[in-house]
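Observations on chain architecture
The chain contents come next:
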Amino acid sequence: MPNVLIVGATRGLGAAVAKQYTSIGHQVYATARSSNPPSDDKNLSYIPSIDLSTPDAGPNLIKYLEAHSITSLDIIVITAGYFVTETFEEPSFDKQLAMYKTCAIGPTLLVSALGNYTPSSTSKPLLSQGAKVILVSSEGGSIKLVYDGGGNYGHHASKAALNMSGKLLSVDLKDRGVAVGIVHPGFMRTDMTKGVGFDKFWDSGGAVTPDVAAESLVKWIKTFGIEHTGEFWAPRGAADIGSAEAVLGPKDRLPIPLQLPW
């Protein structure tokens, strides 16, 4: 039974991805920031107190893996994110710092920690030949896709930083046979997009539920391999990418899935 780690799995896309993998029989380990996460299920185990915005996330996760004799991970999906809006007139140092820590710095350090960890009961690294690391980014991290409208500096720039980190991690892990993918999972109807006022664009922008996005993502991960490591993809294609038509051409002529420009 493949072992899957979902980082940020108590709501939104992370919870939906966890549900998709448990439904097909994978063993899922799901992280929660809370010290009191939801109850475990048949093949779903929650790991408490993993806050990606802190330097303790990696060490705390490794302590859990060691304590529970988990010696390998086949798929890691980091979905945790943070989005607060800003404007040119009112940028925010604190908001940007929070987004960078959660969206870029945290995922990079966590993957590095897991990639450098060898369980005490084996000589084989936790991440080895055939393992896949998936970093959930956003169309907002593509410089080329920025077509009109400014602001939201922390969101866009932290996702661009995640894209760069994903590329660098792919280089460091390639010789081990570990593939690193960066994805835009789609425009979703979640508390996060609602919380920043984007719910007014849900219908016009083709926003989907996390369950729909998760189904597309899990299918794409199954086909993703080392030959595409370090690339940036939209498993659902350009359907809900606002600037796709203006930048990349008619949506009905673009492939699904779609490799995105940096």
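In this report, the structure presented in the accompanying data block is examined. (Residues numbered from 1 in each chain as written. Predicted model: local features only at pLDDT ≥ 70, side-chain atom pairs only at ≥ 80, totals over all residues. Heavy atoms only, no water.)

Here we come to the overall build of the protein. Each helix and strand in the protein was counted, giving seven helices and eight strands. The C-alpha radius of gyration computed for the protein amounts to 18 Å, which stays within 12% of the reference 18 Å derived for 262 residues, consistent with globular compactness. The buried share of the protein, taken over its 262 residues, is 50%. Taking the contacts inside the protein whose residues are at least 6 apart along the sequence as the reference set, 65% of them involve residues at least 24 apart. Placing the 22 positive and 24 negative side-chain charges of the protein at their respective mean positions leaves the two points 4 Å apart. (Helix = DSSP H or I, 4+ residues; strand = E, 2+ residues; numbered from the N terminus. Rg over C-alpha atoms; globule rule 2.2 N^0.38 Å. Buried < 20%, exposed > 50% of the residue type's maximum accessible area, 1.4 Å probe, protein only. Contact = heavy atoms within 4.5 Å. Lys, Arg positive; Asp, Glu negative; His and termini not counted. Charge placed at Lys NZ, Arg CZ, Asp CG, Glu CD.)

Glancing now at the pairing of strand 3 (residues 44-47). A two-sided burial pattern is seen for strand 3, the buried positions comprising Leu44 and Tyr46 on one face and Ser45 and Ile47 on the other. The sheet contact formed by strand 2 (residues 27-31) and strand 3 spans four bridges and is parallel. Each residue of the ladder has a partner; that of threonine 31, found in strand 3, is isoleucine 47. (Pairing = 2+ DSSP bridges.)

Here the focus is the layout of surface pockets. The volume enclosed by the second largest pocket comes to roughly 200 Å³. It is helix 6 (residues 210-223) that provides the largest number of residues to the lining of the second largest pocket, a total of four residues. (1 Å grid on protein atoms, 1.4 Å probe; cavity = no way out; pocket = protein on both sides within 12 Å on 5 of 7 lines; lining within 4 Å. Points joined across faces, edges and corners; volume = space filled by probe spheres on them.)

Relative to the 33 Å expected for 23 residues at 1.5 Å per residue, helix 3 (residues 93-115) spans 31 Å between its end C-alpha atoms, a close match to the ideal helical length. When we look at burial in helix 3, the residues that qualify are Met99, Thr102, Cys103, Ala104, Gly106, Pro107, Thr108, Leu110, Val111, Leu114 and Gly115. In the core, the buried residues of helix 3 are packed alongside strand 1 (3-7), helix 2 (57-67), strand 4 (75-78), strand 5 (132-136) and helix 4 (153-174). Of the residues that open helix 3, the one with a side-chain oxygen 3.5 Å from the backbone nitrogen of aspartate 94 is serine 92. (Expected span 1.5 Å × (residues − 1). Polar contact = N/O pair within 3.5 Å; in protein donor to acceptor, adjacent residues only side chain to side chain.)

In this section: the environment of leucine 109. On the secondary structure map, leucine 109 appears in helix 3. In this structure leucine 109 comes out as exposed when scored by relative accessible area, which is 52%. Along the backbone, leucine 109 and glycine 58 are 51 residues apart, and their C-alpha atoms lie at a distance of 7.0 Å.

Proline 257 follows isoleucine 256 through a cis peptide bond whose omega is -5°. Position of proline 257 among the secondary structure elements: in the loop between helix 7 (244-248) and strand 8 (258-259). In this structure, serine 49 takes a positive phi of about 60° despite not being glycine. Residue placement: serine 49 occurs in the loop between strand 3 and helix 2. The exposure class of serine 49 is partly exposed, given its relative accessible area of 33%. The residue serine 69 is not glycine, and still its phi comes out positive at about 55°. Along the chain, serine 69 turns up in the loop between helix 2 and strand 4.

Time to look at empty space enclosed by the protein. Applying the stated criterion across every chain yields a total of one cavity of 30 Å³ or more. Lining the largest cavity, in full, are Ile78, Ala80, Cys103, Pro107, Leu135, Val136, Lys159 and Leu162. Of all elements in the fold, only helix 3, strand 5 and helix 4 reach the threshold of two or more residues within the lining of the largest cavity. Classifying every residue of the lining of the largest cavity by side-chain character gives seven nonpolar, no polar and one charged. (Nonpolar A, V, L, I, M, F, W, Y, C, P; charged D, E, K, R; others polar.)

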